[in-house]
Amino acid sequence: MAEPTVIRTARPEDHARITAVADAWWGRPVTGILPRLFLDHFHPSSLVADAGEDLAGFVIGFFSPGDGRTAYIHFTGVAPDQRRTGLARELYRRFFALAKADGRTRVHAVTAPFNTGSIAFHTAMGFTASDPVPDYDGPGLDRVRFERPL
Ligand SMILES: CC(C)(COP(=O)(O)OP(=O)(O)OC[C@H]1O[C@@H](n2cnc3c(N)ncnc32)[C@H](O)[C@@H]1OP(=O)(O)O)[C@@H](O)C(=O)NCCC(=O)NCCS
């Protein structure tokens, strides 16, 4: 029988578990997007979903130190065999609740313009998606910017 999925606050040691699966989950090299610092320093505002010993999903986010209104979601993934079950929706729901409790009034995120699954998911979660912003993250690194009020 499948193990039940349990969502909990992330821990620094989750970095190794996430980077062990991220490239396979995305189907392209993405590990460099998640340096260890994100888990070392932002684990209290990040969430992990476990299915027994296995990682089922995660949301890595933080409450912006530079903009007191904003919470930011940096990296989100769900295991391929757990997708379209509402897991990312639940992880986001819990992140939104934490951000609101911290006094944040909006959430930001970005994605690559070719990541149509991410754009569809964020739109379904109530985010407004910008047109692709050329060179947003540097030369040739265009991004779609998401914003959602809390
Ligand atoms: C994007 C991702 C996190 C969504 O996770 P998920 O758990 O499958 O999402 P949910 O089941 O909670 O979906 C909620 C809603 O979002 C929308 N949605 C999610 N994935 C979608 C997709 N691939 N295409 C179209 N709509 C999608 C749907 O409206 C869905 O509701 P429905 O299933 O009732 O129709 C997952 O597909 C993933 O890990 N993708 C690879 C990594 C990635 O691109 N991450 C995001 C950028 S950092």
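These figures come from a predicted structure and were not determined experimentally. (Residues numbered from 1 in each chain as written. Predicted model: local features only at pLDDT ≥ 70, side-chain atom pairs only at ≥ 80, totals over all residues. Heavy atoms only, no water.)

A closer look at the pairing of strand E4 (residues 70-78)
Of all nine residues in E4, seven are buried, a share of seventy percent or more. Across three bridges, the pairing between E4 and strand E5 (residues 106-111) is parallel. Paired with Tyr 72 across the two strands is His 108, which belongs to E5. On the question of chirality, the crossover connecting E4 to the parallel E5 by way of helix H3 (residues 87-101) is right-handed. (Buried < 20%, exposed > 50% of the residue type's maximum accessible area, 1.4 Å probe, protein only. Helix = DSSP H or I, 4+ residues; strand = E, 2+ residues; numbered from the N terminus. Pairing = 2+ DSSP bridges. Right-handed = clockwise from strand over helix to strand, strands pointing away.)

Some details on H3
Helical periodicity: at 3.6 residues per turn, an α-helix aligns residues three or four positions apart in one direction. The end-to-end C-alpha separation of H3 is 21 Å, in line with the 21 Å expected for 15 residues at 1.5 Å each. Count one or two residues on from H3 and you reach Gly 103, which has phi positive near 90°. (Expected span 1.5 Å × (residues − 1).)

Overview of the packing of H3 against helix H4 (residues 116-124)
Running from N to C, H3 and H4 cross one another at 55°; their axes reach a closest spacing of 11 Å. One way to sum up the angle between H3 and H4 is to call them oblique. Once H3 is placed against H4, the crossing between them reads as right-handed. Residues Ala 88, Arg 89 and Tyr 92 of H3 pack against Phe 121, His 122 and Ala 124 of H4. Of the residues that constitute the contact of H3 with H4, the class distribution is four nonpolar, one polar and one charged. (Axes fitted to C-alpha atoms, helices over the stretch in contact; angles between N-to-C directions. Parallel < 35°, antiparallel > 145°, perpendicular 65-115°, else oblique. Left-handed = near helix turned anticlockwise from the far one by under 90°. Contact = heavy atoms within 4.5 Å. Nonpolar A, V, L, I, M, F, W, Y, C, P; charged D, E, K, R; others polar.)

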